[in-house]
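# Secondary and tertiary structure notes
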Amino acid sequence: EIVTETVYDELLGDYVNHYAVPIEGDGTRVGVLYAVNPQGYLASITDVPVFHGSGFYTILNDNCRLVGPQIPNQANLQPGTRLRDIFDIEETTEEEQFCNTVQEGSSGHFQLNMDGQKYAVTLQPLGINGWSIISLVPASVLDTFYNSTLVGSTILVFVAALIFIFLLYNQRRILLKNKSELEELAYSDQLTGERNFVKLQLDGEALLEKDDGHSY
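Just so it is clear, the structure is predicted and the values come from calculations on it, not from any experiment. (Residues numbered from 1 in each chain as written. Predicted model: local features only at pLDDT ≥ 70, side-chain atom pairs only at ≥ 80, totals over all residues. Heavy atoms only, no water.)

## Concerning the sheet that holds strand β4 (residues 56-60)
Strands sit in the order β5-β4-β8-β7-β6 across an open sheet of 5 strands; the sheet is antiparallel. Looking at strand neighbours, the two that pair on one side only are β5 (66-68) and β6 (108-114), the edges of this open sheet. The average angle at which neighbouring strand axes cross in this sheet is 40°, direction not considered. Pairing between β4 and strand β8 (residues 132-138): 5 bridges, direction antiparallel. Note that in β8 the partner of Ile 59 across the bridge is Ile 133. Against the sheet, helix α3 (residues 92-103) makes contact with β4, β6, β7 (117-125) and β8, and its axis sits at roughly 135° relative to β6, the strand it touches most. Running at roughly 65° to β8, helix α4 (residues 139-187) makes contact with β7 and β8 of the sheet. (Pairing = 2+ DSSP bridges. Helix = DSSP H or I, 4+ residues; strand = E, 2+ residues; numbered from the N terminus. Axes fitted to C-alpha atoms, helices over the stretch in contact; angles between N-to-C directions. Contact = heavy atoms within 4.5 Å.)

Below you can see the structure in the form of structure tokens.
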């Protein structure tokens, strides 16, 4: 093992992790690089804000026990705590399904309760010691994020529709203006500004087509 379980060190009065990396030379092991760090060191690696600090990460071993770091606002949950004591699990099958996923080294998504609050739990294997890192985000935070995203998307679609309508209106206005200018060039005398012979013929034909009984 490169990293051991989190254990309590009576001399330091704190939980620590032991690290051991083999040193090899010429194909043989010549020694071991050994270190001991407080649990806080492991916590600094996983202390990444999730949803603006609403969620957090922690690590479980292949026995579904807490390795660390400690869960925020859960000082009673020390390393070695069972999954059942972390979450409000009432059905054994729910715990077995979660632990089987951990032991298989698979990823997964679950919804579990802790202190009466529902959490979205994402499980991802670390590939070392059979450990898995889990992220926990309150379901209420996800709902708020979803609603905010939905409102933002609706506003974006509405604005895009307004821009599209404006472009259509502007295009139509330009087409009508161009049509009017072309008709003026085609049917007006450039010298006098009055209608030309072509326009006179068109107006005459339209007048004759009415044929309301008058003589011309």
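## Some points on the pairing of strand β2 (residues 14-25)
Inspection of the sheet shows strand β1 (residues 7-9) paired to β2 by 3 bridges, in the antiparallel sense. Considered in β2, the bridge of Val 7 is made with Val 16. In this structure, the hairpin formed by β1 and β2 is closed by a connection of 4 residues, where Gly 13 is found at a positive phi of approximately 70°. Sheet topology places β2 next to strand β3 (residues 28-38); 10 bridges connect them, and they run antiparallel. The partner of His 18 across the bridge, within β3, is Val 36. The turn linking β2 back onto β3 is made up of 2 residues, and Asp 26 within it adopts a positive phi angle of 60°.

## Structural notes on the packing of aromatic side chains
A full pass over the atoms with the stated rule returns 2 aromatic pairs. Between the aromatic rings of Tyr 8 and Tyr 15, the centroid separation amounts to 5.2 Å while the plane-to-plane angle is 70°, which identifies the pairing as edge-to-face. The exposure class of Tyr 8 is partly exposed, given its relative accessible area of 47%. Given the relative accessible area of 18%, Tyr 15 is considered buried. Here the aromatic rings of Phe 98 and Phe 110 are separated by 4.8 Å at their centres, their planes lie at 50°, and the arrangement is tilted. On the criterion of sequence distance, the pair formed by Phe 98 in helix α3 and Phe 110 in strand β6 is long-range, its members being 12 residues apart. On the basis of relative accessibility, which here comes to 15%, the residue Phe 110 falls in the buried class. (Phe/Tyr/Trp six-rings, centres within 6.5 Å; stacked < 30°, edge-to-face > 60°. Buried < 20%, exposed > 50% of the residue type's maximum accessible area, 1.4 Å probe, protein only.)

## What to know about helix α1 (residues 39-46)
Buried within α1 we find Gln 39, Leu 42 and Thr 46. Taken down its axis, α1 places every buried residue within 60° of arc, on the same side. Taken together, the buried residues of α1 touch β2, β3, β4, β5 and β8. (Arc of directions from axis to C-beta.)

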